[in-house]
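# Commentary on secondary and tertiary structure
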Amino acid sequence: MQEAWDVTSTEERDGVRLTWHNWPSSRLEATRIVAPVAALYTPLKKIAHAPPPLTYDPIRCGGQGCAAVLNPFCQIDFRSKLWSCPFCLQRNHFPPHYAENISETNLPAELIPQYTTVEYELQAAPQAAPPAFVFVVDICVHDDELDELKDSLQQSLNLLPEDALVGLITYGTNVHVHELGFPECPKSYIFRGNKEYDAKKVQDLLGLSVYASQQTGGPGVSSAVGRFLCPVGECSFTFESILQELSKDPWPVPSDMRVARSTGSALSAATGLLEAAMSRTGGRAMLFTGGPCTNGPGAIVGRAKTEDMRSHTDLAKNQAPMFKGACEYYEGLAKRAAAAQHVVDIFACSLDQVGMLEMKVMSEKTGGLMVLGDSFGQSVFKESLRRVFRRNPEGESDEGAMAMGFAATLECMTSKEFKVQGCIGPCSSLNKAGGNVSETAIGQGNTNAWSLGGIDPATTLAVYFEITNPGQNPLPQHKRRFIQFITKYQHSSGRMRLRSTTLCGPWHSDPNNHSPIKCSFDQEAAAVILARLAVHRSETEEVSDILRWIDRSLIRLCAKFADYTPDQPNSFRLSPEFSIYPQFVFHLRRSQFLQLFNSSPDESTYYRSVLLRESTTNSLVMLQPSLLSYSFNAPPQPVLLDSQSVRQDTILLLDTFFHVVVFHGETIAAWREAKYQEKEEHAAFRSLLAAPQADSQSIMDSRFPVPRYIVCDQHKSESRFLMAKLNPSVTHNSTDSGMGQAIFTDDVSLRVFMEHLMKLAVQS
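Since the structure is predicted, the reported quantities are computational estimates derived from the model, not experimental observations.

Let us look at the sheet that holds strand β1 (residues 16–18). In spatial order, the strands read β1-β3-β21-β17-β19; together these 5 strands make up an open sheet with antiparallel pairing. Bordering the open sheet on either side are β1 and β19 (444–445), each of which pairs with just one other strand. Relative to strand β21 (residues 461–467), strand β3 (residues 37–41) is paired through 5 bridges, and the arrangement is antiparallel. Bridge assignment links Val37 to a residue of β21, and that residue is Phe465.

Here it is in structure tokens:
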């Protein structure tokens, strides 16, 4: 019996999850294993027992088009002081300072076997300026909403380092760029809200002098920094004074019209200001919007209230006349921001849609964050904004530094038997061709390097590979495959850093025995890789086609790796490596990522964008939420995500990543309404009510974006948040109601889904 792999060990050591750990050695066999060969990589994952950042530059391979970083899998010749690159097999000389000291007993950190991931602080790269944060604030919102937003912005100012630069742009009918370096009185430059502004135009209008830019060697750095972008320590009083005096946009709005909101112009002014002042160094434009853009470029709906916001149906029927133009406009802004290595974050709080669908490209291409809430007073917004500026905890090598990086790029090196198909996640292609770039593209393809822009410890990318080794060229038994991820980014201290992660794994050459491949399957990583691929395809394909493709893939995978007698469904058995994979697929098919019912285009976009940047663990919670049960009969325990888990005398805690729901059974709710928990003799009941609330708080404390917290009772309206996620094993059509609560749905249950899967998989 083949030994099972520890599929999570590479995540702890390197921040990587692979769908397969033992790869088939030929192109033909790779197509037969059905699930993609891919990796989920978290570049800034905190790794226990990793060495502190090395204060010297890495040694790179001199092979033509290679430049791989020295790593523990390199073969070292200690006598002749040479090392062989495992990627291109080139032999390289060590530089003199290495050659003098290196020996079998005296190795540098990057050659020690357990340090397959190391980080360097690059000495040759110049120290960058402190990062800049430009707040782009919508003043068309109601007064109470504006007050909440102003309060949050004042708090976030106190969370920034003293030397960080801040800027302020407010917008309504027109766009106001505030001069924070003019403390005598509030002073702002007004831009028309119906025009687009490039970097040159912004430079001219703000009077960022040409001679100043020639003296400093950068475009307008000296005159923009100190006027429109100022260190927090110097301008906090001016910034807070301007915030306090901010009031709702004064332009009159007829009752049958929407407010004139110039979001597109404001974003182009913010992008232009950062381009003019901080090109190719860390900067974030943080948009805070309370409604859709209705004025100028990037408008997504007309001002007349008779005109409805676009819906899924309108988009499907091409009846959203402003959609295409708005998408092209924001795509252009995203390219400008990505080229200048700046990040665009979107914080949208509104009961109506705000245009997240059109604007998402700005966040996705630049590594920005997205938060969608109902109100600026909600903890979903207020607490999430605070967490953007969190610092590394004490005791870490970077304690006190902001937990974010800027201007990040990722490059992927591979050994010659396989190639890179592409990357799905918050990135944009750097169009870097190479010998290891596949002709078939997935996501951002036809390249082996990507611009990530903003990056944080949770940012995770999915990189897809294609095995290209022909079948008639079997690989020798001892042959290994190598992958190296090289992430370069600007640390919040201003220093450039480079993180190198190198992976090594076996090939399997016997087509008649697939048990070594079978035992190396990581069903959790494979479910997330499949979900990312499905969401990516949903941008260009019909959901019904994607669901058919998912079903076919699952049937083929089970037919290949399950144990069964042909044409006998009752003989069907899945090994532990595959046993929960069909369940993940069942919940993916029903999830809000593929089912558009009951969500607006903005909500669908938001959910999908978050899935495309989160880690494996968080993504699994989104696909298949976790459910805990609290009762007098047993300690808190995980229960099946099933309608049979709903009992009148239990409390359920549902975590869907976006929502945390505490659900009280009918009896528990009645006791609570009777205030039993306030009586001394019912202390146990008081503890039972408190336990799920304490656990939900611990879930919410560690998460970004902060989930919406919902407390509800059985048979009440908000219980829909729980009921919609449960497997409908008991429905209004069931003859055997048994335990649990009936769900009014025509969806098939997991049992019916599995019966059909077994029947189709065993067909000869």
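As a further point, take the sheet that holds strand β27 (residues 659–664). Here 5 strands make up an open sheet; going across it, the order is β25-β24-β26-β27-β28 and the pairing mixed. Each end of this open sheet is capped by a strand with a single partner; those strands are β25 (637–638) and β28 (708–713). Bridge count between strand β24 (residues 626–630) and strand β26 (residues 651–655): 5 bridges; the pairing is antiparallel. What sits directly across from Leu628, in β26, is Leu653. The strands that helix α21 (residues 683–701) touches are β24, β26, β27 and β28; relative to β26, the one it contacts most, it runs at about 5 degrees.

Turning our eyes to something else, we now look at the pattern of salt bridges. This structure, assessed with the given rule, holds 38 salt bridges. With its nearest N and O atoms 2.8 Å apart, the salt bridge here joins Glu358 to Arg310. Taken as a pair, Glu358 in helix α12 (residues 356–366) and Arg310 in the loop between β13 (283–289) and α10 (312–316) lie far apart in primary sequence, 48 residues in all. Side by side, Glu358 and Arg310 carry an identical accessibility label, which is buried. Residues participating in the shared-partner salt-bridge network are Glu11, Arg17, Asp522 and Glu524.

Take the environment of Glu614 next. Relative to the helices and strands, Glu614 resides in the loop between α18 (601–611) and α19 (616–623). Residue class for Glu614 comes out buried when judged on its relative accessible area of 4%. Taking the C-alpha atoms as reference points, Glu614 and Glu29, 585 residues apart in sequence, are found 31 Å from one another. In this structure, Glu614 is in contact with Ala458, Thr460, Arg532, Ser619, Met622, Phe657 and Phe704, ignoring residues within four places of it in sequence.

Soluble globular proteins tend to pack their nonpolar side chains together in the buried interior. Trp20, Trp23, Tyr330, Phe465 and Phe485 are the most contacted members of the largest nonpolar core, which has 131 residues in total. Considering each element in turn, this core owes the most residues, 10 residues, to helix α15 (residues 523–537). Beyond its immediate sequence surroundings of up to four residues, Phe485 is in contact with Val16, Ala39, Tyr41, Leu410, Glu411, Cys412, Val463, Phe465, Arg499, Ser500, Thr501 and Leu503. In terms of nonpolar packing, the next biggest core, distinct from the first, is built from 39 residues, Leu146, Phe239, Cys349 and Val371 among them.

Glancing now at the confidence of the model for the chain. Mean pLDDT for the chain: 92, with 96% of residues reaching 70 or above. Low pLDDT, under 50, characterises residues 210–222; the predicted model gives this stretch 15 contacts beyond four residues in sequence or across chains.

Further remarks concern unusual backbone geometry. For the peptide bond that leads from Phe704 to Pro705, omega is -10 degrees, which places it in the cis range. Positionally, Pro705 belongs in the loop between α21 and β28. Even without being a glycine, Val34 presents a positive backbone phi close to 70 degrees. Assignment of secondary structure puts Val34 in the loop between α2 (27–32) and β3. Even without being glycine, Asp567 reaches a positive phi, approximately 65 degrees. Its place among the elements puts Asp567 in the loop between α16 (543–561) and α17 (581–590). Since its relative accessible area comes to 48%, Asp567 is described here as partly exposed.

Let us look at the packing of helix α20 (residues 666–673) against α21. In the contact formed by α20 and α21, the axes pass within 12 Å of each other and the chain directions differ by 115 degrees. In the crossing of α20 with α21, the sense of the turn from one axis to the other is left-handed. Between α20 and α21, the residues in contact are Ile668, Trp671 and Arg672 and Phe685, Leu688 and Leu689, respectively. The residue makeup of the contact of α20 with α21, split by class, is 5 nonpolar, no polar and 1 charged.

Looking now at the packing of aromatic side chains. Applying the stated criterion across every chain, the model contains 38 aromatic pairs. Both rings, one in Tyr606 and one in Tyr607, keep their centres 5.9 Å apart while their planes meet at 45 degrees; by these two values the pair is tilted. Clustering of aromatic rings is evident, with ring pairs tying together Phe135, Phe239, Phe288, Phe347, Phe376 and Phe381. The ring of Phe182 carries the charged tip of Lys187 above its face, separated from the ring centre by 4.7 Å. Sitting over the ring of Trp23, Arg481 keeps its end group 4.1 Å from the ring centre.

Cut-offs used in this document
- Every chain begins its residue count from 1, and numbering advances along the sequence as written.
- With pLDDT at 70 or above as the cut-off, local features in this predicted model cover only qualifying residues; side-chain atom pairs require 80 or more to be listed or tallied, and sums for whole chains, interfaces and linings still use all residues.
- Side-chain numbers here rest on the full set of heavy atoms in the structure, without hydrogens or water.
- In short, DSSP must find at least two bridges between two strands for them to pair.
- The helix and strand labels rest on DSSP assignments: H or I over at least four residues marks a helix, E over at least two residues marks a strand, and numbering proceeds from the N terminus.
- Contact between two residues is taken to exist if any of their heavy atoms lie within 4.5 Å; hydrogens are not considered.
- Every axis corresponds to a line fitted to the C-alpha atoms, with the helix fit spanning only the stretch in contact, and the corresponding angles, defined between N-to-C directions, vary from 0 to 180 degrees.
- For this analysis, a salt bridge means a side-chain nitrogen from Lys or Arg found within 4 Å of a carboxyl oxygen belonging to Asp or Glu.
- Residue exposure (1.4 Å probe, protein chains only): buried if accessible area is under 20% of the type maximum, exposed if over 50%, otherwise partly exposed.
- Only buried Ala, Val, Leu, Ile, Met, Phe, Trp, Tyr and Cys residues count toward a nonpolar core, and they belong to the same one when joined by side-chain atoms within 4.5 Å.
- The predictor's confidence in any single residue is recorded as pLDDT, a number from 0 to 100.
- Here is the rule for handedness: rotate from the far helix to the near one, and if that takes an anticlockwise turn smaller than a right angle the crossing is left-handed, while a clockwise turn gives right-handed.
- Classification convention: Asp, Glu, Lys, Arg as charged; Ala, Val, Leu, Ile, Met, Phe, Trp, Tyr, Cys, Pro as nonpolar; all other residues, Gly among them, as polar.
- Each Phe, Tyr or Trp ring (for Trp, its six-membered ring) is paired with any other whose centre lies within 6.5 Å, and the angle between the two planes then decides the class: stacked below 30 degrees, edge-to-face above 60, tilted in between.
- In this analysis the charged atom, NZ for Lys or CZ for Arg, is taken to sit over a ring once it is within 6 Å of the ring centre and within 35 degrees of the ring normal.

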